[in-house]
Amino acid sequence: MSITNTDICNMALSHIAVGGIISMDESSEAAKQCKIHYEHTRRRMLGMYNWNFAARETKLALLDETVPGFAYAYAYPEECLKIYYVYEEGMAPYKEEHPRDYRIAAITGVRRAVITDVGKAWCSYTADIKTPDMMSEEFIDGFSHLLASNIAMALTGNANLMQTNLQLAQMSVAQAKWESVVEAQRRTRYPDGYVRARF
């Protein structure tokens, strides 16, 4: 069965012992609070970690403009919430061990651009995933708790509920990080000089 944004709202409401809603467009205060906070909370939760379901790799589009101090400027990827790595295509397996410098800046005629000294650059980023069916169970759990934290005071006036749900959302992020480490099948990489000397 598909999960919807209303389902996530009802999970959040259940965390703070408030009755459910049929739609965020209804006139109840619970629905109004969910509608006010849903999108901001979703983007905030996505930005807390490079979730596997939202992780993307893309080649950056070179811009004609340049920025003093940097060799290249690239268009910021569409539907991107946060960039984690910028790298040359051939260095993709080593992007975490050898991160390259980059900056996010506004330049003439462009709201946001990626500026760097990396030529023919690619990037790893978190995409702005809006469809609940694409979200992982761990993310949905954390998202519902973070939403509960954001609406708790308005609906219940209970600061303890707000804090408890914030902590539970943070625990979901920690769990996702741990699971990513377990899932990653990494091979030990040796510098070329070490390999030649050793073998």
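Let us look at the structure shown here. All values reported here derive from a predicted model rather than from experimental measurement.

Reading the values: the criteria
Residues numbered from 1 in each chain as written. Predicted model: local features only at pLDDT ≥ 70, side-chain atom pairs only at ≥ 80, totals over all residues. Heavy atoms only, no water. Helix = DSSP H or I, 4+ residues; strand = E, 2+ residues; numbered from the N terminus. Rg over C-alpha atoms; globule rule 2.2 N^0.38 Å. Buried < 20%, exposed > 50% of the residue type's maximum accessible area, 1.4 Å probe, protein only. Contact = heavy atoms within 4.5 Å. Areas by Shrake-Rupley, 256 points an atom, 1.4 Å probe, with all protein chains shown as cover. Lys, Arg positive; Asp, Glu negative; His and termini not counted. Charge placed at Lys NZ, Arg CZ, Asp CG, Glu CD. Pairing = 2+ DSSP bridges.

A word on the overall build of the protein. Broken down by element type, the protein carries five helices and six strands. Counting helices and strands in the order they occur from the N terminus, the protein gives α-α-β-β-β-β-β-β-α-α-α. A compact globule built from 199 residues would reach a C-alpha radius of gyration of about 16 Å, whereas the protein, at 21 Å, exceeds it by more than 25%. Along the first, second and third principal axes, the C-alpha set of the protein runs to 65 × 50 × 35 Å. Buried residues in the protein amount to 36% of all 199 residues. Expressed as a percentage of contacts within the protein between residues at least 6 apart in sequence, the contacts between residues at least 24 apart total 71%. For the protein, the accessible area works out to roughly 11700 Å², and carbon and sulfur atoms hold 52% of it. Averaging the positions of the 21 positive and the 24 negative side-chain charges in the protein gives two centres separated by 6 Å.

What follows concerns the pairing of strand 6 (residues 121-127). With six of seven residues buried, strand 6 is to be regarded as a mostly interior element. Of the pairings in the sheet, the one linking strand 3 (residues 80-88) to strand 6 comprises seven bridges and is antiparallel in character. By the bridge assignment, E88 is partnered in strand 6 with A121.

All we've got here are geometric facts, nothing functional implied.
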